[in-house]
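Here's the letter readout for the chains.
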Amino acid sequence: MAKQLLLEELVTCGIEKNVAAAMLQQIAPYLSSLPAAECWQQISQQILKPDHPFALHELLYKTIFCDWDANQGPPPAWFPSDEQIRATNIAALMNDLNIGSYREFHTWSAHDRAEFWNKTIQRVGIRFRQKYQQIVDLSQGVEFPQWLVGARLNIAESCFQAPEDDPAIVFQPEGGSLSILTYGELNALSNRVANGLVETGFRPGDAIAIAMPMTAESVAIYLGIVKAGCVVVSIADSFAPAEIKTRLRLSGAKGIFTQDYILRAGKLLPLYPKIVDAQAPIAIVLSLDSSSSIQLRPDDCTWEEFLSPNKQFDPIPARPSAHTNILFSSGTTGEPKAIPWTQTTPIKCAVDAYLHHDIHSREVLAWPTNLGWMMGPWLIYASLVNRATIALYYGAPTEQGFGRFVQDARVNVLGLVPSLVSAWKATACMKGLDWSAIKAFSSTGECSNPRDMLYLMSLAGYKPVIEYCGGTEIGGAYITGTLVQPAAPATFSTPALGLDVAILDEDGYPSNKGEVFIIPPSIGLSNELLNRDHYEVYFADTPTYPLISIPLRRHGDQMELLSNGYYRAQGRVDDTMNLGGIKVSSAEIEQTLSVVEGICETAAIAISPPEGGPNQLVIYAVVADNFSWDKEALKTSLQKAIRQSLNPLFKIHDLVLVESLPRTASNKVMRRVLRDRYQADRPKSSND
Ligand SMILES: Nc1ncnc2c1ncn2[C@@H]1O[C@H](COP(=O)(O)OP(=O)(O)OP(=O)(O)O)[C@@H](O)[C@H]1O
């Protein structure tokens, strides 16, 4: 089919008629002469600009790829050039190993895992006090691997190998200006923390919590705790006292670092009183607002009182399996799990970042998060082990101030959760900024939708989005992307290097769509849980992969392998529904609905009717502020989208319009809460 583009179509996107005419003249030769991929490369890099209306970006993308086979998922919106590929860390390693193609490289990494980790540990320069005699001992089975046998290390030491004067952290308080903490300064500050801990009476192995925003100080505190041989207990600052209390109890924390207030969108929110309500142990309190003299409990002390003047500290070496951090999963599917990270988990963070995000020394990496979510500690190791710079903005990432920070700090890799992009798209607050320093985005936390990811790519003149899916108990990703492969919005191009995945159907046979299992072992995969039986949670009753008879590790996600070898996330196994005998994931329905005009976001849930019988599909939807909707008309549009793109048999039973969707503290939609809410409200809201 010849690609056609009409002047009126450009004008409808908001382009002035004479500008549109000139643009059409530029575009037409590409459209008529080049294959789709090349045509898109030319147009996306040379004609489309971040300031053009997004409707124009979308129109051109759809027109150019009008013949694209939808079984392959969305078409790529970024293609690496040979020069870009040659400059990557992956290419350097492939060159070393004399491996010619990425697929071959992944196969090698998954088959010769010991050698993969041996090589990458050397590449990123992990420091050992005593080197390992063996990379992995699997004598007790892949479910119980012993990594780096015989080694002694303190992983914080691997964070300080950049020149002392290089920037370790670039940061900016809300309304303030950019500041830099060098590697030398961060090292000295974390040593003062480690000395402070020893002087206060803490001993190696003690668990010490951090409940405060991710700031230059909290990064120094994190590294100081690890240097002292203690264990960080990461608690997100947004939690209520009861949740903080549970996490302190589960981890047996003996002390806590916190802050008096948090500044968010111009408001001072008290944090220390929440710590007191949680009956936390001895607290070391940083002060955001020096004018407020918050009354401390008798045993608590201020940051200034706590900090040792001694800037030298010899980090305590430990076994590879020693805990460094206790994290909690987000609890999307139930009670959060208390997951210890060992001295080796950070190696997974650093190696993923080195290979998949292609982090080089002195590059700047931003990822709005908190130490309470795995991406917080991940960001520390991903940046510092690779001698790069962490970029921290203390204000809300939903506002333009954040975008300006990304511009001014010359951020090279910007990570985020998909809901942040929806917010930026809804308010257009990131328009007009210069994000040209960005070389890649990364999205994690929950399923993204292709439209929002295309929008994100367009904000920086088309740079790839590395989808990054894993979990707290993985220390990184099990499935992701690279900078040596084309990037298609909201898809993954590869299982993570150093491991492999298997997608199985309900009967345990390999399939293109179904539950995804991890083929272990890998550095980063957890070996213990504090509040559950690790083997029961991840290995008991999992199928054995037919061809290789290795026990598979459960993760609870649904995945689809597309015909071009890329993957698409389908949400959690628990969010899968059976509609009229056909299995479908909520994520698939939500992705389909995301393109309907006026829709900001949706959550699809299945409800069992009280009288029994097949599940019914209920859609919760948030609509755009400026959209004048009529519920029945909207329901018809949604139904039409499902009929056209998914399956005419999936009938929407009910549409519920809401202001916002319930989310976990880490921003994940809690469909189980919606299911409970709908069942409870059913007589009122159902249209039976
Ligand atoms: N890029 C992504 N695309 C799709 N889903 C993602 C992505 N990144 C993360 N996720 C989802 O988040 C999960 C990991 O989150 P986390 O470790 O916080 O555990 P959780 O599953 O949310 O919590 P719990 O185990 O307590 O239910 C993944 O298994 C996946 O379902």
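Computed from a prediction, not measured in an experiment: that's the story for all the values here. (Residues numbered from 1 in each chain as written. Predicted model: local features only at pLDDT ≥ 70, side-chain atom pairs only at ≥ 80, totals over all residues. Heavy atoms only, no water.)

J.: Is there a simple way to explain the overall build of the protein in this structure?
T.: For the protein, the count of helices and strands is 22 helices and 30 strands. The C-alpha atoms of the protein give 25 Å as radius of gyration, which agrees with the globular expectation for 688 residues (26 Å, within 12%). Seen through its C-alpha atoms, the protein measures out along the principal axes to roughly 70 × 65 × 60 Å. Taken over 688 residues, the protein has a buried fraction of 59%. Contacts spanning at least 24 positions in sequence make up 67% of the contacts within the protein whose residues lie at least 6 apart. If you sum the accessible surface of the protein, you get close to 27,100 Å²; carbon and sulfur atoms cover 49% of it. Of note, the protein has its 57 positive side-chain charges centred 1 Å away from the centre of its 72 negative side-chain charges. (Helix = DSSP H or I, 4+ residues; strand = E, 2+ residues; numbered from the N terminus. Rg over C-alpha atoms; globule rule 2.2 N^0.38 Å. Buried < 20%, exposed > 50% of the residue type's maximum accessible area, 1.4 Å probe, protein only. Contact = heavy atoms within 4.5 Å. Areas by Shrake-Rupley, 256 points an atom, 1.4 Å probe, with all protein chains shown as cover. Lys, Arg positive; Asp, Glu negative; His and termini not counted. Charge placed at Lys NZ, Arg CZ, Asp CG, Glu CD.)

J.: Could you clarify how one ought to interpret the sheet that holds strand β24 (residues 553–561) in this entry?
T.: Within a sheet, neighbouring strands are paired by backbone hydrogen bonds and run either parallel or antiparallel to one another. Read across the sheet, four strands follow the order β22-β23-β24-β25 without closing on themselves; strand pairing throughout is antiparallel. A strand with exactly one partner marks an edge of an open sheet, and here the two such strands are β22 (500–504) and β25 (567–572). With direction set aside, neighbouring strand axes in the sheet form an average angle of 45°. Here five bridges tie β22 to strand β23 (residues 513–519), and the two strands are oriented antiparallel to one another. Bridge pairing in β23 links Leu504 to Glu515. (Pairing = 2+ DSSP bridges. Axes fitted to C-alpha atoms, helices over the stretch in contact; angles between N-to-C directions.)

J.: When you look at the domain arrangement of the protein in this model, what are you seeing that I'm missing?
T.: Quite often, the size of an interface is put as the accessible area lost when its parts meet. Assigned domains of the protein: these are domain 1 (7–65), domain 2 (155–519) and domain 3 (580–685). Look at where the C-alpha atoms of domain 1 and domain 3 centre, and you get two points 34 Å apart. (Domains from an automatic or database assignment.)

J.: Hey, could you run me through the sheet that holds strand β16 (residues 413–416) in this one?
T.: Ordered in space as β4-β3-β15-β14-β16-β17-β18, the seven strands form an open sheet in which the pairing is mixed. A strand with exactly one partner marks an edge of an open sheet, and here the two such strands are β4 (179–182) and β18 (465–467). Averaged over all neighbouring strand pairs, the angle between strand axes comes to 20°, with direction disregarded. Pairing analysis gives three bridges linking strand β14 (residues 364–366) to strand β15 (residues 389–393), with the strands arranged parallel. Bridge pairing in β15 places Ala366 opposite Ala391.

J.: Would you explain helix α21 (residues 631–645) in this entry?
T.: Count 3.6 residues to each turn of an α-helix, and residues three or four apart come out pointing the same way. Here α21 is 15 residues long and its end C-alpha atoms lie 21 Å apart, about the 21 Å a rise of 1.5 Å per residue gives. Tucked into the core, α21 has its buried residues touching α20 (586–593), β28 (599–607), β29 (616–623) and β30 (652–657). (Expected span 1.5 Å × (residues − 1).)

J.: I keep staring at the nonpolar core and nothing clicks. Help me out?
T.: Nonpolar side chains tend toward joint burial in soluble globular proteins. Of all hydrophobic cores here, the largest spans 98 residues; its most connected members are Ile121, Ile169, Leu186, Leu223, Phe257, Trp303 and Trp378. For this core, the leading source of residues is helix α10 (residues 216–227), giving eight residues. The contacts of Leu223, once residues within four sequence positions are left out, are Ala156, Cys159, Phe160, Leu186, Ser190, Ile380 and Leu384. Counting residues in each nonpolar core, the second largest holds 59 residues, with Cys13, Phe79, Tyr393 and Val406 among its members. (Core = buried A, V, L, I, M, F, W, Y, C linked by side-chain atoms within 4.5 Å.)

J.: Teacher, can you tell me more about the pattern of salt bridges here?
T.: Pairs can form between side chains of opposite charge once their charged atoms are near each other. Counted by the stated rule, this structure contains 24 salt bridges. Linking Lys254 and Asp206 is a salt bridge whose minimum nitrogen-to-oxygen distance equals 3.0 Å. Taken as a pair, Lys254 in the loop between α11 (241–251) and β7 (255–259) and Asp206 in the loop between α9 (183–200) and β5 (207–211) lie far apart in primary sequence, 48 residues in all. Judged by relative accessible area, which is 10%, Asp206 ranks as buried. Here Asp352 and Lys348 are joined by a salt bridge, their closest N and O atoms 3.0 Å apart. Separated by four residues within a single helix, Asp352 and Lys348 lie in helix α14 (residues 345–355), roughly one turn from each other. Take Asp352: its relative accessible area is 2%, and that puts it in the buried class. Lys348 gets classed as buried once you look at its relative accessible area, which sits at 0%. (Salt bridge = Lys/Arg side-chain N within 4 Å of Asp/Glu carboxyl O.)

J.: Explanation requested: the packing of aromatic side chains in the structure shown.
T.: Each aromatic ring pair is characterised by the separation of its centres together with the angle its planes make. Applying the stated criterion to the full structure yields 28 aromatic pairs. Ring centres of Trp40 and Tyr61 lie 5.3 Å apart, and the angle between their planes is 65°; on these two criteria the pair is classed as edge-to-face. Of this pair, Trp40 sits in helix α3 (residues 36–47) while Tyr61 sits in helix α4 (residues 54–64), placing them 21 residues apart in sequence. With a centroid separation of 5.2 Å and 70° between ring planes, the pair formed by Trp367 and Trp378 is classed as edge-to-face. You can see Trp367 sitting in the loop between β14 and α15 (375–384) and its partner Trp378 sitting in helix α15, a full 11 residues away along the chain. Exposure remark for Trp378: the relative accessible area of 0% places this residue in the buried category. (Phe/Tyr/Trp six-rings, centres within 6.5 Å; stacked < 30°, edge-to-face > 60°.)

J.: Hey, could you run me through the side chain of Ser442 in this one?
T.: Among the secondary structure elements, Ser442 is positioned in strand β17 (residues 440–443). There is a polar contact of 2.8 Å between the side chain of Ser442 and the backbone oxygen of Ile466. (Polar contact = N/O pair within 3.5 Å; in protein donor to acceptor, adjacent residues only side chain to side chain.)

J.: Just to check I follow, could you spell out unusual backbone geometry for this structure?
T.: Trans peptide bonds make up most of the peptide bonds, and negative phi angles are found at most residues other than glycine. Here the residue pair Pro520 and Pro521 is connected by a cis peptide bond, since its omega of 0° sits within 30 degrees of zero. Residue position: Pro521 is located in the loop between β23 and α19 (534–538). In this model, Ala428 sits at a positive phi of 55°, which is unusual for a non-glycine residue. Residue placement: Ala428 occurs in the loop between α17 (418–427) and β17.

J.: What is the right way to look at the packing of α10 against α15 in this model?
T.: Interhelical geometry of α10 versus α15 gives an angle of 85° and a closest axis separation of 11 Å. Taken as axis vectors, α10 and α15 run roughly perpendicular relative to one another. Mapping the contact onto sequence places Val219, Tyr222, Leu223 and Val226 in α10 and Pro377, Ile380, Tyr381 and Leu384 in α15. Taken together, the residues that form the contact of α10 with α15 break down as eight nonpolar, no polar and no charged. (Parallel < 35°, antiparallel > 145°, perpendicular 65-115°, else oblique. Nonpolar A, V, L, I, M, F, W, Y, C, P; charged D, E, K, R; others polar.)

J.: How should I be thinking about the packing of α14 against α15 in this particular structure?
T.: To describe two helices that pack against each other, one gives the angle between their axes and the distance between the axes. Running from N to C, α14 and α15 point in directions that differ by 60°, and their axes come no closer than 8 Å. Put simply, α14 runs oblique to α15. The two elements α14 and α15 cross, and the hand of that crossing is right-handed. Where α14 approaches α15, its residues Pro346, Cys349, Ala350, Asp352 and Ala353 are matched on the opposing element by Trp378, Tyr381 and Ala382. (Left-handed = near helix turned anticlockwise from the far one by under 90°.)

J.: What am I meant to see in α11 here?
T.: Residues of α11 that are buried: Ile244, Arg247, Leu248 and Ser251. Taken down its axis, α11 places every buried residue within 100° of arc, on the same side. In α11, those exposed residues whose orientation departs by more than 90 degrees from the buried face are Ala242 and Arg249. Those residues of α11 hidden inside the fold are in contact with β5, β6 (231–234), β7, α12 (272–277) and β12 (323–328). In the segment just after α11, Gly252 is the residue with positive phi, at about 65°. (Arc of directions from axis to C-beta.)

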